[in-house]
Amino acid sequence: MKQYVIFNVGDYSFGVDILEIVEIIKPNKIVKVPSMPQYVEGIIDVRGTSVPVYNLAKRLEIESNAEAQKIIIVELSKFQLGFLVDDVSEILKIEDEKIEKASESIRGIKRKFIDSIARVNDDMIIILDLKNVLTIEEEDQISEMLTEKNQ
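Residues numbered from 1 in each chain as written. Predicted model: local features only at pLDDT ≥ 70, side-chain atom pairs only at ≥ 80, totals over all residues. Heavy atoms only, no water.

Looking up the protein chain in an unreviewed UniProt entry gives the name Chemotaxis protein CheW, with the organism given as Caldicellulosiruptor diazotrophicus.

Take the side chain of Glu41 next. In this fold, Glu41 is placed in strand E4 (residues 40-46). One polar contact links Glu41 to Lys58, side chain to side chain, over a distance of 3.3 Å. For Glu41, the residues in contact, after removing those within four places along its chain, are Ile30, Val31, Lys32, Val53, Asn55, Lys58 and Leu84. (Helix = DSSP H or I, 4+ residues; strand = E, 2+ residues; numbered from the N terminus. Polar contact = N/O pair within 3.5 Å; in protein donor to acceptor, adjacent residues only side chain to side chain. Contact = heavy atoms within 4.5 Å.)

Evaluated as defined, the whole model comprises 4 aromatic pairs. Note on Phe7 and Phe14: the rings are 5.8 Å apart at their centroids and 25° apart in plane angle, and the pair reads as stacked. Residues Phe7 and Phe14 agree in their burial class; the two are buried. For the pair Tyr54 and Phe83, a centre-to-centre distance of 6.1 Å together with 65° between the ring planes defines the contact as edge-to-face. (Phe/Tyr/Trp six-rings, centres within 6.5 Å; stacked < 30°, edge-to-face > 60°. Buried < 20%, exposed > 50% of the residue type's maximum accessible area, 1.4 Å probe, protein only.)

This next bit is on the pairing of strand E11 (residues 123-128). Note: strand E2 (residues 12-17) against E11, 2 bridges, orientation parallel. Bridge assignment links Gly15 to a residue of E11, and that residue is Ile127. Counting the residues that bridge the hairpin from strand E10 (residues 114-120) to E11 gives 2 residues, and of these Asn121 lies at a positive phi of roughly 55°. (Pairing = 2+ DSSP bridges.)

The next thing to look at is the environment of Val133. By the element assignment, Val133 lies in the loop between E11 and helix H2 (136-149). As a C-alpha pair, Val133 and Ile114 span 19 residues in sequence and 9.5 Å in three-dimensional space. Setting aside anything within four residues of it in sequence, one finds Val133 in contact with Tyr54, Arg59, Phe83, Phe113 and Glu138.

A few words now on the pattern of salt bridges. Taken as a whole and assessed by the stated rule, the structure comprises 8 salt bridges. Across the salt bridge formed by Lys2 and Asp17, the nearest N and O atoms sit 3.8 Å from each other. Of this pair, Lys2 sits in strand E1 (residues 2-9) while Asp17 is found in strand E2, placing the two residues 15 residues apart along the sequence. Across the pair Arg47 and Glu23 runs a salt bridge, and its minimum N-O distance is 2.4 Å. In this pair, Arg47 is assigned in the loop between E4 and strand E5 (49-55) and Glu23 in strand E3 (residues 21-25), connecting sequence segments 24 residues apart. Accessibility expressed as a relative area gives 68% for Arg47, which makes it exposed. When salt bridges with common partners are traced through the structure, they connect Lys32, Glu41 and Lys58 into a single cluster. (Salt bridge = Lys/Arg side-chain N within 4 Å of Asp/Glu carboxyl O.)

The next point concerns the environment of Val31. Position of Val31 among the secondary structure elements: in the loop between E3 and E4. Taking C-alpha positions, Val31 is 9.3 Å from Pro52, a pair spaced 21 residues apart along the chain. Ignoring sequence-local partners within four residues, the contact set of Val31 consists of Glu41, Gly42 and Ile43.

What the 5 strands build is an open sheet, ordered E3-E6-E7-E5-E4; its pairing is mixed. The open sheet is flanked by E3 and E4, the only strands paired with a single partner. Within the sheet, the average angular offset between the axes of one strand and its neighbour, ignoring direction, is 30°. (Axes fitted to C-alpha atoms, helices over the stretch in contact; angles between N-to-C directions.)

Right, here's the structure in full:
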């Protein structure tokens, strides 16, 4: 049994292993950065550290009209990264037997980000693998941007 942070983006419910998450914050001032992909909202300051913020709806190519949002911050290999989501709803313990690997037949929602599907009561929760959200090129681009910003 693992604990997952459950959040919404558009009409979808997603989960991420709680151990992947550093913290969840309300968005403060997001500073735009030129020449970044459209799904990169910019960077925020979190206690003196510059954290890039990805708009998860844009990255997953799904519709979102949320007014209030949250940022889920995760630790990647080289830096922290924030994901802008519509809302964080709960922390949920899910038994291993209720989780199945995502079928290869799943299309849409950027397949490489999906780790598995959890069935909880009558709901299906898409378990994301946030470490696959960045390509190696994107990781290098962000590392470069953060290095320049911190000099």
